[in-house]
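What follows is each chain in one-letter form.
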Amino acid sequence: MKSSKLWVAFLSLFLFVGLATQIQAQTETETTKTYLIIKNDGSRYVGQIISQDAREVILLTKELGEIAIPKHEIKEMRELTSEEITDDGRLRRENTFATRYYISTNANPISKGENYIIWNLYGPDIQFGISDDFGVGLMTTWFGSPIVGSAKYSLLKKNNVGVALGTLLGTGSWASPEYGIALPFGSVTLGEMEKNISLSVGYGAVFGPGSSGGSALFSLAGMNRISDRVSLVFDSFVVMENNEAAALIIPAVRLHSGPKKAFQLGFAGVAAEGELLPFPFPFLQWYRAL
């Protein structure tokens, strides 16, 4: 009788230890996964699930720490893939590249950690989200000349109106170290993140031997995402000098293949002295999130 009781106690202890180990392993596995929770009011939270029961989910987020979300307020809850998460654990937006048209930018900010690179036929263009309202970038040609740095600070985003200030600073690098460029600018954007129109105004100057000062620059640009995979993009640059204007016009189509990839095809023309002269080759860009 005693022997039977000992065996029952031993077996119960063995099963309890095994079950506890399994539960612990399951909890550790669960907390390494990142989830997106969307509430009925549209609020979004990203983090690791600490625990959940029939009433609520305890989520560990980077911004708010541990929060309790009642289950009756949850509209959607799903595990995120690695492509949907930035390096610092934030949700990568589908519209990561929406701060750029073809050449110009808009007043919408690049979010913190949403870094990306644009591969152009002439060279790379890299952009870094330092904070949710400040980004920097670096662009050059395949020959490393010129090298141009950029910075943009988004001052305001309210009621679909955005305002930003920025600058471009560059050097001729090894090929022409005696030359430099500067282009401070301001941008106003009306509309949503992927359906908007922007006006940018700046002053571009070239420094170096034989340079003739600077010129006022204007840019009118816009985009409209018409489907999950396609956006229509328009970009332009207008240079004013001696009361005469010359414009670079670039209509383009952007093809989205996910939150980390896009391809853009554009055709350019130069309008000057009452004529429109098309470029004989297309403008191509490959967008990749880093």
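Only a predicted model underlies this, so the values are computations on that prediction, with no experimental measurement involved. (Residues numbered from 1 in each chain as written. Predicted model: local features only at pLDDT ≥ 70, side-chain atom pairs only at ≥ 80, totals over all residues. Heavy atoms only, no water.)

**Looking at the overall build of the protein**
Tallying secondary structure elements over the protein gives one helix and 19 strands in all. Long-range pairs, those at least 24 residues apart, make up 40% of the contacts in the protein between residues at least 6 apart in sequence. Working note: accessible area of the protein is about 16700 Å², and carbon and sulfur atoms make up 64% of it. (Helix = DSSP H or I, 4+ residues; strand = E, 2+ residues; numbered from the N terminus. Contact = heavy atoms within 4.5 Å. Areas by Shrake-Rupley, 256 points an atom, 1.4 Å probe, with all protein chains shown as cover.)

**Focus on the layout of surface pockets**
For the largest pocket, the calculated volume is near 990 Å³. In terms of lining, the largest pocket is formed by 44 residues, of which the most central are I103, M139, L168, L183 and F237. For the lining of the largest pocket, the leading source of residues is strand β12 (residues 195–207), giving six residues. Residues belonging to the lining of the largest pocket are distributed by class as follows: 24 nonpolar, 17 polar and three charged. (1 Å grid on protein atoms, 1.4 Å probe; cavity = no way out; pocket = protein on both sides within 12 Å on 5 of 7 lines; lining within 4 Å. Points joined across faces, edges and corners; volume = space filled by probe spheres on them. Nonpolar A, V, L, I, M, F, W, Y, C, P; charged D, E, K, R; others polar.)

**Digging into the environment of V230**
Examined against the element boundaries, V230 turns out to sit in strand β14 (residues 230–241). Since its relative accessible area comes to 21%, V230 is described here as partly exposed. Between the C-alpha atom of V230 and that of R254, which follows or precedes it by 24 residues, the distance is 5.8 Å. Residues in contact with V230, not counting those within four places in the same chain, are N224, R225, V253, R254, L255 and H256. (Buried < 20%, exposed > 50% of the residue type's maximum accessible area, 1.4 Å probe, protein only.)

**A short note on a negative patch on the surface**
Taken together, E241, E244, E273 and E275 make up a surface patch of like negative charges. Tracing the backbone through its elements, the reader meets E275 in strand β18 (residues 275–278). (Patch = residues over 30% accessible without salt bridge, like charges linked within 9 Å, V, L, I, M, F, W, Y side chains within 5 Å. Salt bridge = Lys/Arg side-chain N within 4 Å of Asp/Glu carboxyl O. Lys, Arg positive; Asp, Glu negative; His and termini not counted. Charge placed at Lys NZ, Arg CZ, Asp CG, Glu CD.)

**Quick word on the pattern of salt bridges**
Per the counting criterion, the structure on display carries four salt bridges. Salt-bridge contacts for R78 lead to E76; the nearest nitrogen and oxygen are separated by 3.2 Å. Residue R78 is classed as partly exposed on the basis of its relative accessible area of 31%. Take E76: its relative accessible area is 33%, and that puts it in the partly exposed class. The partner of D125 in a salt bridge is R100, and the shortest N-O contact between them spans 2.9 Å. Residue D125 is located in strand β7 (residues 124–131), and its partner R100 is located in the loop between β5 (74–79) and β6 (116–120); the two are separated by 25 residues in the primary sequence. The same class applies to D125 as to R100, namely buried.

**Considerations on the pairing of strand β9 (residues 147–158)**
Judged from the seven bridges that link them, strand β8 (residues 134–140) and β9 form a sheet pairing that is antiparallel. Looking across to β9, one finds that T140 is bridged to I147. The turn joining β8 and β9, which pair antiparallel and follow one another in sequence, is formed by six residues; a positive phi near 75° is taken by G144. Note that β9 and strand β10 (residues 161–172) share eleven bridges and pair antiparallel. Residue pairing across strands places A151 opposite T167, the latter belonging to β10. From the end of β9 to the start of β10, which pair antiparallel, there are two residues, and N159 there has a positive phi angle of about 50°. (Pairing = 2+ DSSP bridges.)

**Observations concerning the side chain of S187**
Along the chain, S187 turns up in strand β11 (residues 176–192). Exposure remark for S187: the relative accessible area of 2% places this residue in the buried category. For S187, the side chain forms a polar contact with the side chain of S200, separated by 2.6 Å. Not counting residues within four places of it along the chain, the set of residues in contact with S187 comprises T105, N106, A107, G162, V163, A164, L199 and S200. (Polar contact = N/O pair within 3.5 Å; in protein donor to acceptor, adjacent residues only side chain to side chain.)

**So, the side chain of R254**
Within the secondary structure, R254 is located in strand β15 (residues 244–256). Comment: no salt bridge for buried R254; closest opposite-charge side chain is E194, at 6.5 Å. At 3.0 Å, the side chain of R254 and the backbone oxygen of F97 are in polar contact. A distance of 2.6 Å separates the side chain of R254 from the side chain of Q264, its partner in a polar contact.

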